[in-house]
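An overview of the molecular structure
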Amino acid sequence: MPLWRLGMFASLALNAAALALLLPRYIVSHPHHPGVVSLDQQHHACAPQPGTSGAAASAPSTGKPAVTSNSVIHLDHGDPTMFEAFWRETGDAAELVVPGWQTMSYFSDVSNVCWFMEPDFDQQVRRLHRTVGNAAVDGYHVLVGTGSTQLLMAALYALSPADAVQPTSVVSTAPYYSWYPAVTDFLRSGLFRWAGDASSFIGDAYIELVCSPNNPDGAIRDAVLGSGGSGKAVHDLAYYWPQYTPITRRADHDIMLFTMSKSTGHAGTRIGWALVKDREVARRMTKFVELNTVSVSKDSQLRAAKVLRAVSDGYDGGASASRHRLFDFGRRKMAERWRMLREAAAASGIFSLPEETSGRCNFANETAANNPAFAWLRCDREDVEDCAGFLRGHKIVTRSGNQFGAGPRYVRVSMLDRDDAYDIFIRRLASLK
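Report follows, based on the coordinates. Bear in mind that the values here come from a model prediction, so they are computed numbers and not experimental data.

**Focus on the environment of Glu-366**
- Inspection of the secondary structure assignment puts Glu-366 in strand E11 (residues 366-369).
- Taking the C-alpha atoms as reference, Glu-366 lies 8.9 Å from Pro-246; in sequence the two are 120 residues apart.
- Discounting residues that sit within four places of it in the chain, Glu-366 has contacts with Arg-331, Gly-359, Arg-360 and Cys-361.

Here it is as C-alpha cells:
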C-alpha cells in the first residue's frame, strides 16, 4: 500500500481517538458554552415530548408546511418538492433499509482516488449518464461530495496554485448563480477570490464557472474565456437533464458538476458528484473533501445509488418499467408550468420572460423546448424599480436580480415547488396590473 495512504489512515485513526477522549471532557467542563450540548440536554432533546409517542416524535419532516390562499409563497430557493408526486408512485423502487452494522467505517474503496465513495454509487452515476447521454464518463474519475457546492469549492481548491503571489480570480458571466460569489469568498481564502463578470474580466490567471443551462435565466452557456495556460473552467451542469432542456450533446469538459437535488429532486440527501478527467485534479479535490468533512455520508450515498438505479431502470427495464419514468414526468410538469407562467405574465401585462427556445433532444429523440428550473422574470411597470420588493408586497418571495449581477427589475422564481404553492403563485401573478 502506498505510504501516503498509510499516513492518511493513521491520521484519521489518531483524530478519531483524540476526539473521543477530549470531547466528553470539554462538554463536562464547558456545559454552557455556545454550541455545546450537555449530556442532560442531549437526553432531554432525544426523549419523546409529553403527549407524543416515541414513533411520532421521530417521524421524518415533510419540508415546508402546506400553503393556503393567504399564505406567503416562498419561491426564493429551488426546493425541488415538485418531484414528490413522482416518487410517491414508485413503491419500493427507491426505498432502502440500512442495517445497524453497515456503513460504519470511514472507508469504502481504498483503491479509488475518491476512497470514501461507495462502489455502487460510482456505478449508478456512470449508468445514468450513459442512459441519458448528457455527459461522457469513460476516462473520467467520479467524485462524490456533500452536494455539488462542496465539490465546487473542492474544484477551486484543486485548480488554484498554492504558490501563486495573488489569489486566483474566479469569474462567471452575468447573470450568474447568486451563490458563486458567496461560496468563493466565504472563507476568505488566500488561494482564490471572486472577481465578478467573466465578460469584463481582464487577466491571465482565472477559474471560469460555467453554468449551463444557466441559473438563473436558463440560457445555454459556453465558456467566454476558455481554458488553457493559467485559465481553467469548471462546468456546473446541475440542470443539464431532459426535464429542463434538450440533450443536444454528450458533454466532455475537464470538470463537470452534478447534483441529486436537481436531477432527481432529492435535495435533502445532500449528494453531488463530479466527473473529472485529470487524476491529479481529482486527487486534490478528494483531499479538499477529506479536510472539509473527512468523507461523505455512506447512508446518503447508498440512498442516492438506489434512487439513480430506479431512474435508469425506468428506461432500461423494458415496457414493465415505462410507468415510472422520471424524465418523462419532469418534462410534462415543466412544460405545463411554463405554459401557465407565460399565460399569467401575458394576462398581467407588466411582466416579461426570456423567449422560449427549443432543440433536438437526443435522449427523447424529438424536438423539445427549454423549460428551465427557474424563471428569470422582469417587471416592466415604470413605477416599479424593485421587482422583488413589489412581489413581496403581494406575498410572493423571490430572489432579486441584484444577487445575480443583474438589476433589481429582475427576479429569479423557482419553478420546482409543490403544485398547491405554484398554482397560488400563478393566480396572484396574473392578477397584478
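**Some words on the sheet that holds strand E8 (residues 272-276)**
- Overall, mixed pairing links the seven strands, which are arranged E2-E8-E7-E6-E5-E3-E4 in an open sheet. Looking at the sheet topology across the chains shown, the edges are occupied by strand E2 (141-145) and strand E4 (192-197). Strand after strand, the sheet turns through a mean of 25° between neighbouring axes, direction not considered.
- Taken together, the five bridges between strand E7 (residues 255-259) and E8 define a ladder with antiparallel strand orientation. From the neighbouring strand, Ile-255 faces E8, where its bridge partner is Val-276.
- Sitting on the sheet, helix H5 (residues 119-132) is in contact with E2, E7 and E8, with an inclination near 70° to E8.

**Digging into the pairing of strand E3 (residues 168-172)**
- Extensive coverage of E3 is indicated by the burial of five of its five residues.
- Along E3, one buried face is formed by Thr-168, Val-170 and Ser-172 and the opposite face, lined by Ser-169 and Val-171, is buried too.
- When E3 meets E4, the two strands line up parallel, connected through five bridges. The residue of E4 that forms the bridge with Val-170 is Trp-194.
- Two strands pair when backbone bridges link them, and E3 and strand E5 (residues 206-211) are joined in this way by three bridges, in the parallel orientation. By the bridge assignment, Val-170 is partnered in E5 with Ile-207.

So, how was this worked out
Residues numbered from 1 in each chain as written. Predicted model: local features only at pLDDT ≥ 70, side-chain atom pairs only at ≥ 80, totals over all residues. Heavy atoms only, no water. Helix = DSSP H or I, 4+ residues; strand = E, 2+ residues; numbered from the N terminus. Contact = heavy atoms within 4.5 Å. Pairing = 2+ DSSP bridges. Axes fitted to C-alpha atoms, helices over the stretch in contact; angles between N-to-C directions. Buried < 20%, exposed > 50% of the residue type's maximum accessible area, 1.4 Å probe, protein only.

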